[in-house]
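# Analysis of the macromolecular model
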Amino acid sequence: MLLFLPAVLYYIVFHYMPIYGVLIAFKSYKFTLGVWGSPWVGLKHFEDLFAIAGFWQVFRNTLLISCYKLVFGFPAPIVFALLLNEIRQAVFKRFVQTVTYLPHFLSWVVLAGLTIQFLSPSTGPINLLLKAAGLDPIFFLGDSSWFRSVLVATDIWKELGWGTIVYLAALSGVNPELYEAASMDGANRYQRMRHITLPAMTPVITIMLIFAVGRLVNDDFDQVFNLYNPAVMEVGDVLGTYTYRMGLVNMEYSFATAVGLFRNIVAFVLIVSANAIAKRINEYGLW
């Protein structure tokens, strides 16, 4: 219990105590008056939020980018875990794991710098290859048609190895005798993967999918903020960067809080709905 106490204190101090700050969304917040002293305005900020055309564009960008990450990024660690599970050389397996989950421990500031250099239209390796092939270079981070693809690809690059650890942990509990029995019955490697490995991963996959659906409106602010620019603002501006500009740049604290509260309400509805659907399909869920 003593070891558990720091985690409890962390959530109390940094997650539960600041909840009173949502009151700002219903007030005309003045720094000199404080949260409690600022006048109430009711749902005015939410009415303004839904009336602004730019907000719906930002909301659409957030959903599109998150859906792309869900479709392409969610299966990636599952497939990678299945492939790693088939490797019999322990040294090579550990080496691949180490190399793939290393980017997870690097900040987006570092990874964004590497990405910018790697995709540079003048000195980036990809564009140098395109030039060598007689093709025109592509400004990946300045082209609206490529920017979302870059976000999805770099997110997979960063989180592939780390996400794989969860699925490999689930596979560690599978009885090896099941594979031996299946081999004796004539099952090939693909059949063993399909009928033994995947069913063993199903509970973990379900839980991770519920979390992923709940994060559809919770974009990765660090990634987008370090990679986007005015040239791709139309397709790259998301709720996180929008809230940052409204709250910290324009100092519209109440409006920014309303945006954040709206996003959390949508996320709550999504995760509850995903959990209910998952329990109906395969009886696995968060609660």
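Residues numbered from 1 in each chain as written. Predicted model: local features only at pLDDT ≥ 70, side-chain atom pairs only at ≥ 80, totals over all residues. Heavy atoms only, no water.

## Side note on the pattern of salt bridges
In plain terms, the rule: Any carboxyl oxygen of Asp or Glu that lies within 4 Å of a side-chain nitrogen of Lys or Arg is treated as forming a salt bridge with it. Under the scheme used here, helices are H or I runs from DSSP no shorter than 4 residues and strands are E runs no shorter than 2 residues, and both carry numbers assigned from the N terminus. Three labels apply to residues, based on accessible area from a 1.4 Å probe with only protein chains included: buried if under 20% of the type maximum, exposed if over 50%, partly exposed otherwise in between.
Considering all chains together, one arrives at four salt bridges under this definition. Between Lys44 and Asp48 there is a salt bridge whose closest N-O contact spans 2.9 Å. Of this pair, Lys44 and Asp48 both sit in helix 3 (residues 44–51), four residues apart, roughly one helical turn. Taking relative accessible area as the criterion, Asp48 reaches 30% and is therefore assigned partly exposed. Asp237 serves as the salt-bridge partner of Arg245, at 2.7 Å between the closest nitrogen and oxygen. Look at Arg245 and you get partly exposed, because its relative accessible area is 22%. For Asp237, a relative accessible area of 5% translates into the label buried.

## Examining the nonpolar core
What counts is decided by this rule: Here, nonpolar core refers to any group of buried Ala, Val, Leu, Ile, Met, Phe, Trp, Tyr and Cys residues whose side-chain atoms link them within 4.5 Å. Here a residue-residue contact requires only that any non-hydrogen atoms of the pair lie within 4.5 Å.
Residues Phe74, Ile78, Tyr167, Met201 and Ile205 are the most contacted members of the largest nonpolar core, which totals 20 residues. Counting only elements with at least two residues in this core, the list comes to helix 5 (75–85), helix 9 (144–171), helix 10 (176–184) and helix 11 (189–214). Looking at this core, the element that brings in the most residues is helix 5, giving six residues. Not counting residues within four places of it along the chain, the set of residues in contact with Tyr167 comprises Phe74, Pro77, Ile78, Ala81, Met201, Val204, Ile205 and Met208.

## Considering the packing of helix 4 (residues 53–73) against helix 5
Under the convention used in this document: Between N-to-C directions, angles cover 0 to 180 degrees, with each direction set by a line fitted to C-alpha atoms, over the stretch in contact for helices. By the definition adopted for this analysis, an angle is roughly parallel if under 35 degrees, roughly antiparallel if over 145, roughly perpendicular if from 65 to 115, and oblique otherwise. Put simply, Ala, Val, Leu, Ile, Met, Phe, Trp, Tyr, Cys and Pro go in the nonpolar bin, Asp, Glu, Lys and Arg in the charged bin, and everything else, Gly too, in the polar bin.
Packing of helix 4 against helix 5 leaves a shortest axis separation of 5 Å and a crossing angle of 15 degrees. By the angle class used here, helix 4 and helix 5 are roughly parallel. Seen from helix 4, the contacting residues are Leu70, Val71, Phe72 and Gly73; seen from helix 5, they are Pro75, Ala76 and Pro77. Here the contact of helix 4 with helix 5 is built from residues that sort into six nonpolar, one polar and no charged.

## Thoughts on helix 3
To keep things clear, this is the line we draw: When we speak of the arc, we mean the arc of directions from the helix axis to the C-beta atoms.
For helix 3, the complete set of buried residues consists of His45, Phe46 and Leu49. Buried residues of helix 3 fall within an arc of 100 degrees about the axis and therefore sit on the same side. Residues of helix 3 that are exposed and point more than 90 degrees away from the buried face comprise Glu47 and Ala51.

## Considering the packing of aromatic side chains
Stated formally: The rule is short: rings of Phe, Tyr and Trp, with Trp giving its six-membered ring, pair when the centres are within 6.5 Å, and they are stacked under 30 degrees, edge-to-face over 60, tilted in between.
Applying the stated rule across the entire model yields 21 aromatic pairs. Look at Phe50 and Trp56: their rings are 5.8 Å apart centre to centre, the planes differ by 20 degrees, and that puts the pair in the stacked class. We classify Trp56 as partly exposed; its relative accessible area is 39%. An angle of 70 degrees between the planes, with centres 5.6 Å apart, marks the rings of Phe55 and Phe262 as edge-to-face. Remark: Phe262 occurs in helix 15 (residues 253–282) and Phe55 occurs in helix 4; sequence separation between them is 207 residues. Of the two residues, Phe55 and Phe262, both sit in the buried class. In this structure an aromatic cluster arises from ring pairing among Phe50, Phe55, Trp56, Phe59, Tyr242, Phe255 and Phe262.

## Let's talk about the layout of surface pockets
For clarity, the cut-off: We place a 1 Å grid over just the protein atoms. Points where a 1.4 Å probe fits but has no way out form a cavity, open points with protein on both sides within 12 Å along at least 5 of 7 lines form a pocket, and any residue with an atom within 4 Å of a point lines it. Grid points are joined across faces, edges and corners, and a volume is the space filled by probe spheres set on the points.
Here the largest pocket defines a volume of roughly 760 Å³. Along the wall of the largest pocket there are 24 residues; nearest its centre are Lys69, Asp155, Glu159, Ala212 and Arg215. Among the secondary structure elements, those contributing two or more residues to the lining of the largest pocket are helix 4, helix 9 and helix 11. Among the elements that make up the lining of the largest pocket, the one with the highest residue count is helix 9 (eight residues). Residues that form the lining of the largest pocket fall into these classes: 13 nonpolar, five polar and six charged. Empty space within the second largest pocket amounts to approximately 270 Å³. Taken together, 13 residues line the second largest pocket, and the ones lying closest to its centre are Thr243, Gly260, Leu261, Arg263 and Asn264. Counting residues per element, the ones that place at least two in the lining of the second largest pocket are helix 14 (239–249) and helix 15.

## Focus: the side chain of Asn61
Put simply, the rule reads: Here a polar contact is taken to be a pair of N or O atoms separated by no more than 3.5 Å, where protein atoms must pair a possible hydrogen donor with a possible acceptor and residues adjacent in sequence count only if both atoms sit in side chains.
Looking at where Asn61 falls in the secondary structure, it is placed in helix 4. A residue is classified by how much of its surface remains accessible, and Asn61, at 1% relative accessible area, is buried. Here Arg148 takes part through its side chain, which lies 2.8 Å from a polar atom of the side chain of Asn61. In contact with Asn61, other than residues within four places in its own chain, are Arg148, Met233, Glu234, Val235, Gly236, Asp237 and Val238.

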